[in-house]
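# Report on the structure
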Amino acid sequence: MNQSLSRRQFLKLTGAGAAAVLSGGLTAFSPIAAPAAAAEENGSLYGVCDLCGMGCAFIAQLRYGRIVSLSGNPKDQIAEGKLCVKGYSGVRQVYDPDRLKYPMKRTNPQKGVGVDPGWIKISWDEAIGLVASNLKQARDTNGPQSILFVGRPSSWTKHFTQAIGTPNHVTHVNTCYSTHDVVWQAMVTGTGRSWTTDYEHSRYILAFGWNGMGNSKNHWARAVGRALVNGAKLVVFDPRLSITAAKADEWIPIKPGTDLAVLLAMIRTIINEELYDHDFVGQYTAGFDELKASVQEYTPEWASSISEVPADTIVRIAREFARTKPAVVASHKRDAGGPNYANSWRTSQCFVTLNSLVGSLDRPGGPMLDHKPKLPDLPDLWKVPKYPDSVKGPRVDGLEQFPVAGASRGSFSTLAEGILSQKPNPIKAAVFWKHNVLSFPNPPRLVDALKTIPFIAVSDIMPTEIVQLADVVLPENSYFEGGGIVVREYHAMYPQVALKEALPTLYDTKGFVPVILAILKKMGLNDYVPEGMDPGKLVDAQIKSLGTSAAEIKGNGGVWGTATEHTPATVFGTPSKKVELYATLLKDKGYDPLPRWAPPQATVSDEYPYHLLIWRKAWERMTQTSNDPVLAEFYPENHVTVHRQTAAKLGLQADGYAWVESPSGNKIRVKVEVTEGIRPDCVAVDHGFGHWSSALSVAYGKGGNDGDLTPNHTVAQQRELGCPAVATMWEDVAVKVYKA
Ligand SMILES: Nc1nc2c(c(=O)[nH]1)N[C@H]1C(S)=C(S)[C@@H](COP(=O)(O)OP(=O)(O)OC[C@H]3O[C@@H](n4cnc5c(=O)[nH]c(N)nc54)[C@H](O)[C@@H]3O)O[C@H]1N2
Ligand SMILES: Nc1nc2c(c(=O)[nH]1)N[C@H]1C(S)=C(S)[C@@H](COP(=O)(O)OP(=O)(O)OC[C@H]3O[C@@H](n4cnc5c(=O)[nH]c(N)nc54)[C@H](O)[C@@H]3O)O[C@H]1N2
Ligand code: SF4
Ligand SMILES: [Mo]
């Protein structure tokens, strides 16, 4: 079936050193048109979707070297033979005519929204030379702390920043899941969050803002669907009728930012009525007595007065949840326990607490600990000198002042003020990889901050907003054009890896890793790039450590790993080796070790009378899909969704336009959607629109960016707010809405 790419092409791992196979000529063709020059291949290749993080493995069918269709890999435990609508759109991303096709440098020294950078095409040698000389100059003149790297954490990017000696490696985690990460670290694993949940075998699924069915996180939509067919009950608390809520037995439109109150009262009910799993709590948890004492003040009546959920509903659901086994509080990232409100980290504490009280942690039907193969990493293959002490901080985002948040994570919410204040030191050069301006809270403020940085290099695949602010552009291969293996993570009931075979690069693009290694060398940091250091070699070593080969994985349908019986954990990664209901790590660092009530930060007022909710459409993945012409035809711009009563009160009509304005100092103009599926005191905006880069020929100028409404923070403000995870607090904001 899969007579496909040659070994030569597989070995173009992350595009290492790959030359362009077809030059820029493809731009004239739409994704469905026939290719200009017939390439030699008519087979298929194994790949892994990189659009939403779920990592579904696929098989791509090729005709004349061009991908004509995708199908989910049936052997992958995540994809189970299917992709979602976003996943299938990936074909249009790789062939998007707007893609970055070669390195470029800016000629216009002015930067900003709507400013033409005046690009000229340059060679890779010149691009790498320019980045290296600017980073070196910043390092020599102002110290390594004057260099900023914004990009996803990986062994390679960590190595890059640490070899340079900068502490400033900033990632998006406090926009996405840092609250859960910190809580899991403190209560369960000692390291961070694990992602698998065995929804399929659950009998009672309780969700607080979890919208895993509506995000077309494919696997979970299917797994919850199967559980429902088998008679499970699904209860969803959400101020908005999400798709998951629409599939539920009960939708409870809770007041935003108050889930914590309901959860505390549920914990109290389950403990006081002796409904908890005595075996699990007795054997595998620590701190039960302290928990029991501390929740006594949280009566259902009290919780009801805060959350507007009737007290008897809270008690009934607590009882049902504890009596139906197995039961699970569903959670992923941006749910009520995600980094959305000042109190969300406490909400996440309650999620772990409830899952422990009903004994579902790492048990069938519950949240699972990681099942991942242990693979060799950089230090196992290459010896490098000790990294400079400067990597320990202080950092431009102030993260070292948050002792649990951890140096490898990062804070988008404090970055702009850190740059603008020039404290602890000015930033003189920056490298951005795979993150866009529109992902930050208050992007206009970030643009102001980035304008003060003398040199910015950007690695991207599309001419997005961050690219418009670059001095040098380093075009990367898309995920189809890089090879390797990808560990199954978001649904890994057993250790499994999926193979990625590389499509020949379409343009003069490269993988990011070979580029950063070349930059290090050009900076004279040769000791950190020992002979033979190469991403392909690491992948080879990892495959070898599994006792297999790429050819064998390929012969096995593109995956390695066979289903094994699950052995429930009896030892956890905390200091006590138990699930710490009383989290000693949080206590030691000055945070509440037990879940306690604290309010969200925003309150509605006469001036700003509505709570802002942020969500995402099932078929959109932020910047990744916004330039897709088919999806754009289907859904050209985003909306502000308001309740019918609210629309009448404000004189808003469906499909008319409204301004949404917040104390951030920004306002957005968006189309109005009228529904009864939202609380009248809330308005919701879906994310992924409001692009101002005119180089995105489809996405440009459509809709508004919800994040303009979310204020960014100073480090001092974050310290005041007291969240150990430095959450962005996206939705902890009140807005006004008026006719445009
Ligand atoms: N289609 C699609 N799928 C995606 C993505 C995408 O862009 N598009 N992105 C991926 C990424 S990066 C992430 S992090 C995940 C996020 O996926 P989820 O963690 O499921 O988060 P959201 O989709 O943001 O949905 C959050 C829900 O919380 C509700 N909500 C808001 N405030 C409250 C509150 O106070 N209480 C309660 N109970 N509910 C509240 C909102 O109405 C919304 O329905 O999705 C991933 N999957
Ligand atoms: N307003 C608002 N902001 C948000 C959120 C929200 O709901 N609302 N959600 C938050 C969440 S949960 C998350 S996870 C973050 C995500 O934050 P980002 O990761 O910044 O999100 P994207 O919008 O997907 O932008 C990804 C960027 O990487 C580029 N890119 C894609 N693939 C590649 C590649 O292979 N190589 C390179 N070099 N570049 C590539 C894209 O073109 C784009 O410029 O956003 C956060 N920010
Ligand atoms: S759920 Fe969809 S977008 Fe996400 S990895 Fe799978 S196919 Fe890709
Ligand atoms: Mo995310």
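Residues numbered from 1 in each chain as written. Chains lettered and ligands numbered in written order. Predicted model: local features only at pLDDT ≥ 70, side-chain atom pairs only at ≥ 80, totals over all residues. Heavy atoms only, no water.

## Considerations on the overall build of the protein chain
Each helix and strand counted, the protein chain has 26 helices and 25 strands in total. For the protein chain, the C-alpha radius of gyration of 25 Å lies close to 27 Å, the compact-globule estimate for 740 residues. Overall, the C-alpha framework of the protein chain stretches about 70 × 60 × 55 Å when taken along its three principal axes. The 740 residues of the protein chain split such that 62% are buried. If you take every contact in the protein chain between residues at least 6 apart in sequence, the share linking residues at least 24 apart comes to 75%. (Helix = DSSP H or I, 4+ residues; strand = E, 2+ residues; numbered from the N terminus. Rg over C-alpha atoms; globule rule 2.2 N^0.38 Å. Buried < 20%, exposed > 50% of the residue type's maximum accessible area, 1.4 Å probe, protein only. Contact = heavy atoms within 4.5 Å.)

## Points about the pattern of salt bridges
For the structure shown, the criterion picks out 33 salt bridges. A salt bridge links D277 to K325; its shortest N-O distance comes to 3.4 Å. Pair noted here: D277 is in the loop between α9 (259–272) and α10 (278–284) and K325 is in the loop between α13 (311–323) and β12 (327–330), with a separation of 48 residues, a long-range link. When its relative accessible area of 44% is taken as the criterion, K325 is described as partly exposed. A salt bridge links E417 to R445, with the nearest nitrogen and oxygen atoms 2.7 Å apart. Within this pair, whereas E417 is found in helix α16 (residues 412–421), its partner R445 is found in helix α17 (residues 443–450), the two being separated by 28 residues in sequence. (Salt bridge = Lys/Arg side-chain N within 4 Å of Asp/Glu carboxyl O.)

## Some thoughts on the site of ligand 3
In the vicinity of ligand 3, the residues found are C49, L51, C52, M54, G55, C56, L83, C84, K86, G87, S216 and N218. By residue class, the composition of the shell around ligand 3 is 7 nonpolar, 4 polar and 1 charged. (Near = heavy atom within 4 Å. Nonpolar A, V, L, I, M, F, W, Y, C, P; charged D, E, K, R; others polar.)

## Points about the site of ligand 2
As a structural note, the neighbourhood of ligand 2 is formed by 29 residues, with R152, S439, D460, R616 and T623 the closest of them. One of the side-chain nitrogen or oxygen atoms of R152 is found 2.6 Å away from an oxygen atom of ligand 2. Between Q624 and ligand 2, the recorded distance is 3.5 Å, taken from a side-chain N or O atom to a nitrogen atom. Relative to its unbound accessible area of 910 Å², ligand 2 is 97% covered by the protein chains. Within the residue set of the shell around ligand 2, elements represented by two or more residues are α5 (173–176), β14 (455–460) and α23 (622–625). When residues of the shell around ligand 2 are assigned to their parent elements, the largest contribution, 3 residues, is made by α23. A class-by-class count of the residues in the shell around ligand 2 yields 8 nonpolar, 13 polar and 8 charged. (Polar contact = N/O pair within 3.5 Å; in protein donor to acceptor, adjacent residues only side chain to side chain. Areas by Shrake-Rupley, 256 points an atom, 1.4 Å probe, with all protein chains shown as cover.)

## Regarding the state of the cysteines
Under the criterion given, the structure shown has 0 disulfides. Left without a disulfide partner, C350 is nearest to the cysteine sulfur of C723, which lies 14 Å away. (Disulfide = S-S within 2.5 Å.)

## Topic: unusual backbone geometry
Residues G393 and P394 are joined by a peptide bond in cis, for which omega reads 0 degrees. Of note, P394 is situated in the loop between α15 (378–381) and α16. A positive phi angle, near 70 degrees, is found at D655, a position not held by glycine. Looking at the secondary structure, you find D655 in the loop between α25 (644–650) and β22 (657–661).

## Comments concerning the packing of α16 against α17
Remark: α16 packs on α17, axes separated minimally by 9 Å, with the N-to-C direction vectors making an angle of 30 degrees. Viewed along their axes, α16 and α17 adopt a mutual orientation that is roughly parallel. Here α16 runs over α17; the crossing is left-handed. Together, L415, A416, E417, I419 and L420 of α16 and R445, L446, D448, A449 and L450 of α17 make up the contact between the two elements. Of the residues that constitute the contact of α16 with α17, the class distribution is 7 nonpolar, no polar and 3 charged. (Axes fitted to C-alpha atoms, helices over the stretch in contact; angles between N-to-C directions. Parallel < 35°, antiparallel > 145°, perpendicular 65-115°, else oblique. Left-handed = near helix turned anticlockwise from the far one by under 90°.)

## Structural notes on the domain arrangement of the protein chain
When cut into domains, the protein chain gives domain 1 (1–99 + 482–502), domain 2 (196–368 + 571–588) and domain 3 (610–739). Each side of the interface is counted separately: domain 1 has 16 residues, and domain 2 has 14 residues. Approximately 1200 Å² of surface area, both sides summed, lies buried where domain 1 meets domain 2, with 48% of it carried by carbon and sulfur atoms. Run the count over domain 1 and domain 2 and you get 2 salt bridges. Residue R226 pairs with E80 through a salt bridge whose shortest N-O separation is 2.9 Å. Of the residues contributing to the side of domain 1 that touches domain 2, the split by class is 9 nonpolar, 3 polar and 4 charged. (Domains from an automatic or database assignment. Buried area = accessible area lost by both parts, 1.4 Å probe.)

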